[in-house]
Structure formats: structure tokens, C-alpha cells
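# Observations on the three-dimensional arrangement
This is what each chain is made of:
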Amino acid sequence: MDTLRHRSARHRARAPRPALPGKPTAFAAIVIAALAAVLVSSRAEAASACSDFPMTSASETSDASSARQQLIGMVATAQKRSHAVGAAKLLADAAAYDIEEVRASSQPQLSVNTSLGPAGSKPEGGEHKSSLQWRAGLNFSWALYDHGRVEHLTRWRTSLADAAQQGQISLSEQIALQTVNLALDRSRHRLHTQVWGQYAAKVCKLVDSLEQIVAADKGRGSELVQARKTLQQVQLSQAQARTQLAITETRLKRLVGDELPEPVSLSALLPGVPVLADLQERAARSADIVALEAQAKAAANLAEATVASQKFQAGVAVGLSTAVGKERSGAWNAGVSLSMPLLNPGADPAAQAARLRASAATLQRDDALASLRSRLAEVHQQAEAAGLRARDVVGVLRNSERVREDTLAQWQQLGRRSLFDVMSAEGDHFNLRLAYVDALHDNQQSVALLWSLAGGISQPLN
């Protein structure tokens, strides 16, 4: 009975267990050898914990250069493969032809017409005559003066073409940003998988050591159960990370094709957070804002064209016609055509509506620019916070290494810590490494979004 009470108290206090009766040497050798192996492995991993994901290093600079070239190729491929970008390009080309169509309306026009069929005539007091006739005509016209109507229409179409071209650039930029984000997510989940794998390997070693200990001391079976449960949880998290990686790669394949390049670390791909003032200055020249400016100009020119269409118009017209049947006849006419609306009650409302649309388009552009600058300030804060969080996690990681090492040593050698303390220290350490990976990639994605909003992600990549 004394022996049982002593064993129960000893188990709760996690004190070093004395050698088993009759087997002091064998049991001590097993425990010392198994736990020493875990301690050596833990120290080796602790020494390299922060070096797995360094903020900057000489090797990472060259790796970042090759990763940047890889990402540039992926972005170019995604833009080339995108049907949406192709459709936007076709629309921009169509808008360019619209300009030519309007501009050509001020040039000389020549048309021919012909017909074949019966024709008849009956002069007063005469007989009705009919015959099969072939009729042909030639018409020439040339607008001489239109108060700048065609010029304003040409500028209207030109502004719309500029807006369509900027829309294509904006859509290409969206594809580029989506590709960069998916590539960064791929890097994030790949590193998550690696960290969970390292965590699982560490727990596996601990489970193996505990299995040897429990084989000699059945009283420590609960520790083995706890370690196996932790291993299962880590393996489940690793499987979830693999699933997220597979999903991200599937989405990336839709953009760049089924042949993805070899995965590389993109955690230090883009440079540091750019200056907010420079970004906001660039924002005024971004594709979306320039497109809205073009639309506002288009509305203003359309208003001027509407006003000009209600004013004096002049042109030249020449016509030739001939008819061949039982008799042959011909006619011609030439002159200057004049047109001046005298009463058009809808002219002023149409012009006023066009002017109001132009003013509304200008206000929409100003509102979009203000919203963009506000969005830039918000994302800039997020990028700086992510970078600061990554640096802070590095400091916590260093302390975490010492905690996990000391906790494991106290559990192994002094019996002053429980297995729960050991597993908690390990879990905290690897979760910090995951937090570091997330902070790095959050920073990169925020920087990518900043450049995209301010004009284009291709600027820092190139």
C-alpha cells in the first residue's frame, strides 16, 4: 500500500522515476538514451527555427531574382491566355475603328444606285405609255461646314476609345494581381505544409521515445496517448494545408495552364512598402482613373456635338441619273445644300442633358480618385503592420526556442515539467513559425495590391 501511494504521488508531481526493482540498469539506459535523442533533435531544430524563414539573406536575394522572373512569366502567360483580356482588346480595336467612321463622315461621299422594272407616264391629254426601264444614278456629296459637329463627334469617339484601351489595361492588371496573389498563396500553403511536416516529425520522434519508455514503465502510458493525440492533430492540420495548396494550384492552373513552374519561396519577392505619397500621386494616373477621365471628356464632346447639330449646316451635292427603255433619258443636278433648324423644341433639353452627363462623369472621376487614395492609405497601413508583425514574431521565435529547449530539458532531466508543458511549448513554437509565414505573405500581398492600385504590379516586378 505504501508503495502504491508513493507511486501515485510521484506520478502527479512528475518527479524522476526511480529504477524498477530488479531492472535498474536496463530501464535507466532506455530512458536516458530515448530522451537524450529527443533533446539533441530538439536543440538542432531550435537552432534552425528562425533560419528556415529569414527576413533577408544573401541567398534569398538571388532566389528572389529568379522567383521574380518566374512570376513575371506567369503573369504574362495569364494575360495572354485570358479570354476577358482578349475581349477587352477587341473592344478597344473596335473603338478605334469607330473613330475612323466618324472622321470619314466629313470626307466627300460618292454613291451609285440602279434599278430595273416597268415604268410608265401619262401626260395631260395624252396617252399612257409604259415600258421596261433600267435606271441608274450617281450621287456626290461633301459637307462644307457643320459648326464643328464632326470634329466634336471625332473627339467623343476618341475619348471612348481611350477609355476602352484603359479598360483593357485595367483588366490586364486585375489578371496580373490575381496571378500574383495565387502564386503567393501557393507559396504560403507550401510553407505551411512544410512547417506542419516538421512539427509532425518532431512529435513522431517523441512518440517513438515514449513507446520505448512505456515498454519498460507501463505507468507512463497516458503520456504516450497524449503524444499520439497531438501527432494526429498535427497530421490533420498538415493534410488541411495540403488540401489548401492543391486548391490554390487548381485556381492558378486556370490562369497559367496545367504546367505550373516549380514552386519557389515568394516570401521576399517584392521590395519594401513604398512611400504612400508617391503611391497617391501615381493613383491619379492609374488605368481606372484615366478611363473615367476619358469618359468625362467623351460626355463633354458629345454635348458640344449635340449643340452643333442644331446650328447652320452647309454642303455640296451633285447628282446624275439616266433611264434606258423604249426611250432613253437622263438628268443631272448640282448645287450647295443649306440646312438651318428653325423650330426644334427638343434641342435645348438634349444639349442640357448632355452637359449634365458630362458634369456627372467628372464628379464620378473625382469620387473614384478620392476612394482610391483612401483605399491606398488603408492597404498601406496593413502592409506596414504585416511587416512589423513579421519582425516581432522573429523576436518571439527566438524566445520560443529557449522556452521549448528548457522545458524539454526540465521534463527529461529534472522531472519538473509535464509532457503537457513540453507539447504546449512545441505547439506554441510551430504556431509562431506559421504566424511568421502568414505575416510575410500578408505583407507581400498588401505590397502587391498597393502597386496594383497605384498603376500596375509590373512596376516592382520589372
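No experiment lies behind these values; they were computed from the predicted model shown. (Residues numbered from 1 in each chain as written. Predicted model: local features only at pLDDT ≥ 70, side-chain atom pairs only at ≥ 80, totals over all residues. Heavy atoms only, no water.)

The next subject is the pairing of strand 4 (residues 328–339). In the case of a regular strand, side chains alternate between the two sheet surfaces. Burial runs low along strand 4: only 0 of the 12 residues are buried. The pairing of strand 3 (residues 313–324) with strand 4 spans 12 bridges and is classified as antiparallel. When the bridges of strand 4 are listed, A314 appears paired with L338. Taking the residues between adjacent antiparallel strands as the criterion, strand 3 and strand 4 are bridged by 3 residues. (Buried < 20%, exposed > 50% of the residue type's maximum accessible area, 1.4 Å probe, protein only. Helix = DSSP H or I, 4+ residues; strand = E, 2+ residues; numbered from the N terminus. Pairing = 2+ DSSP bridges.)

So, on to unusual backbone geometry. Non-glycine residue H147 carries a positive phi angle of around 60°. Topologically, H147 is positioned in the loop between strand 2 (129–145) and helix 5 (149–216).

This part is about the side chain of S172. Of note, S172 is situated in helix 5. Once residues lying within four places of it in the same chain are set aside, the contact partners of S172 are Q79 and V85. (Contact = heavy atoms within 4.5 Å.)

With that settled, the discussion passes to the nonpolar core. Core analysis: the biggest nonpolar cluster contains 37 residues, and V180, L376 and I457 have the highest contact counts within it. Counting residues per element, the ones that place at least two in this core are helix 3 (58–81), helix 5, helix 6 (221–256), helix 7 (276–283), helix 9 (347–414) and helix 10 (419–453). The element that contributes the greatest number of residues to this core is helix 5, accounting for 7 residues. Apart from residues lying up to four places away in sequence, I457 is in contact with E173, A176, L177, V180, L270, A448, W451 and S452. Of all hydrophobic cores here, the second largest spans 22 residues; its members include L224, A241, W411 and M423. (Core = buried A, V, L, I, M, F, W, Y, C linked by side-chain atoms within 4.5 Å.)

Moving on to the environment of A164. Considering the arrangement of structural elements, one finds A164 in helix 5. Take A164: its relative accessible area is 21%, and that puts it in the partly exposed class. Separated by 130 residues in sequence, A164 and A294 have C-alpha atoms that sit 9.1 Å apart. Each residue touching A164, except ones within four places of it in the same chain, is listed here: L91, A92 and A95.

Moving on: the packing of aromatic side chains. Throughout the structure, instances matching the rule amount to 2 aromatic pairs. Seen from their ring centres, W196 and Y199 are 6.0 Å apart, and the 20° between their planes marks the pair as stacked. One end of the pair is W196 and the other is Y199, both in helix 5 and 3 residues apart, which spans about a single turn. Pair check on accessibility: W196 and Y199 agree, each one buried. With 4.6 Å between their ring centres and 10° between their planes, Y199 and F430 make a pair best called stacked. Within this pair, whereas Y199 is found in helix 5, its partner F430 is found in helix 10, the two being separated by 231 residues in sequence. (Phe/Tyr/Trp six-rings, centres within 6.5 Å; stacked < 30°, edge-to-face > 60°.)

Tallied over the full model, the rule gives 14 salt bridges. Taking the shortest distance from any N to any O, the salt bridge between R188 and D438 comes out at 3.1 Å. You can see R188 sitting in helix 5 and its partner D438 sitting in helix 10, a full 250 residues away along the chain. Accessibility expressed as a relative area gives 9% for R188, which makes it buried. (Salt bridge = Lys/Arg side-chain N within 4 Å of Asp/Glu carboxyl O.)

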